[in-house]
Amino acid sequence: HTVEVDSVKKLADRYNNVVVAKILEVKAHPQADKLRLATVDTGRDKREIVCGADNIRAGQMVPLALPGAVLPSGTKIEAAVIRGVESHGMLCAPDELGLGEDHSGIMILADKAKKGQAFADHLKLDDVVYELDNKSITHRPDLWGHIGLAREVGAFLNTHLTKKYQEVWQEELKPDSAELKLKV
């Protein structure tokens, strides 16, 4: 293993303190015409959320950012009093979660979503991004291509290349697999 690992980012960390919640009830806000109150079940407790979106209905599964969450945009979620009503989190639109540009309403999840489940688990988001610094690139031609780097990553993760990569690697090693043509 030659390359330096500059950083390791778990993509699921973008959604810490964001869970799947079930909307139990939606009613008008007593102090504001354009706001609504949603009572949600987080799987651990029931809480009231002040929401400005008009697409929410009882029975829907939605992403809920709990107090303490920091959304991909950098927005920090805290409990707040909005027009005299305490709100304990925020129902999220796709753009607030970094999942597109749609801000027309709250993201409605499939009925099979499980209340209380971490939102990252709902998305099956278990990817890890490794930022590598290949300072050896000038004197290590085996690290010039993606297969060489895949072997390098396999070395520090203590894994092996898949069979497909092994076949490609062997094909590249054959001397007759490519012609070298020089133009003078």
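Predicted model, so just to flag it, every value in this text is computed and none were measured.

Calculation criteria
- Residues numbered from 1 in each chain as written.
- Predicted model: local features only at pLDDT ≥ 70, side-chain atom pairs only at ≥ 80, totals over all residues.
- Heavy atoms only, no water.
- Helix = DSSP H or I, 4+ residues; strand = E, 2+ residues; numbered from the N terminus.
- Buried < 20%, exposed > 50% of the residue type's maximum accessible area, 1.4 Å probe, protein only.
- Contact = heavy atoms within 4.5 Å.
- Areas by Shrake-Rupley, 256 points an atom, 1.4 Å probe, with all protein chains shown as cover.
- Pairing = 2+ DSSP bridges.
- Phe/Tyr/Trp six-rings, centres within 6.5 Å; stacked < 30°, edge-to-face > 60°.
- Expected span 1.5 Å × (residues − 1).
- Arc of directions from axis to C-beta.

(A) The arrangement of the overall build of the protein in detail. If you tally the helices and strands in the protein, you get three helices and nine strands. Secondary structure of the protein in N-to-C order comes out as β-β-β-β-β-β-β-β-α-β-α-α. Looking at the protein as a whole, 31% of its 184 residues are labelled buried. Here the analysis covers contacts within the protein between residues at least 6 apart in sequence; of these, 59% occur between residues at least 24 apart. Of the roughly 12,100 Å² of accessible surface on the protein, 50% is carried by carbon and sulfur atoms.

(B) Highlighting the sheet that holds strand S4 (residues 46-51). Taken together, the five strands give an open sheet; going across it, the order is S4-S3-S2-S5-S8, and neighbouring strands pair in antiparallel fashion. Each edge of the open sheet carries a strand with a single partner, namely S4 and strand S8 (90-91). In terms of strand pairing, strand S5 (residues 61-65) meets S8 through two bridges, oriented antiparallel. When the bridges of S8 are listed, Ala-65 appears paired with Met-90.

(C) How the structure looks around the packing of aromatic side chains. If you walk through the whole model with that rule in mind, you get one aromatic pair. Arranged with centres 5.3 Å apart and planes meeting at 85 degrees, the rings of Tyr-15 and Phe-119 form a pair that is edge-to-face. Of the two residues, Tyr-15 is situated in the loop between strand S1 (4-10) and strand S2 (18-28) and Phe-119 in helix H1 (residues 119-122); the sequence distance between them amounts to 104 residues. Tyr-15 sits in the buried class, given a relative accessible area of 4%.

(D) Molecular detail of unusual backbone geometry. Its identity is not glycine, yet Asn-17 carries a phi of approximately 65 degrees, on the positive side. In this structure, Asn-17 sits in the loop between S1 and S2. For Arg-83, which is not glycine, the phi dihedral falls at a positive 55 degrees. Its place among the elements puts Arg-83 in the loop between strand S6 (80-82) and strand S7 (85-87).

(E) Quick peek at helix H2 (residues 146-157). The end-to-end C-alpha distance of H2 is 16 Å, a good match for the 16 Å that 12 residues give at a rise of 1.5 Å each. Buried residues of H2: Ile-147, Gly-148, Glu-152 and Gly-154, and no others. Buried residues along H2 cover an arc of 160 degrees about the axis, so they all sit on one side.

(F) Broad picture of the environment of Gly-43. You can see Gly-43 is positioned in the loop between strand S3 (36-41) and S4. Residue classification places Gly-43 among the partly exposed residues on the basis of a relative accessible area of 48%. Spatially, the C-alpha atoms of Gly-43 and Lys-115 are 5.3 Å apart, while their sequence positions differ by 72 residues.

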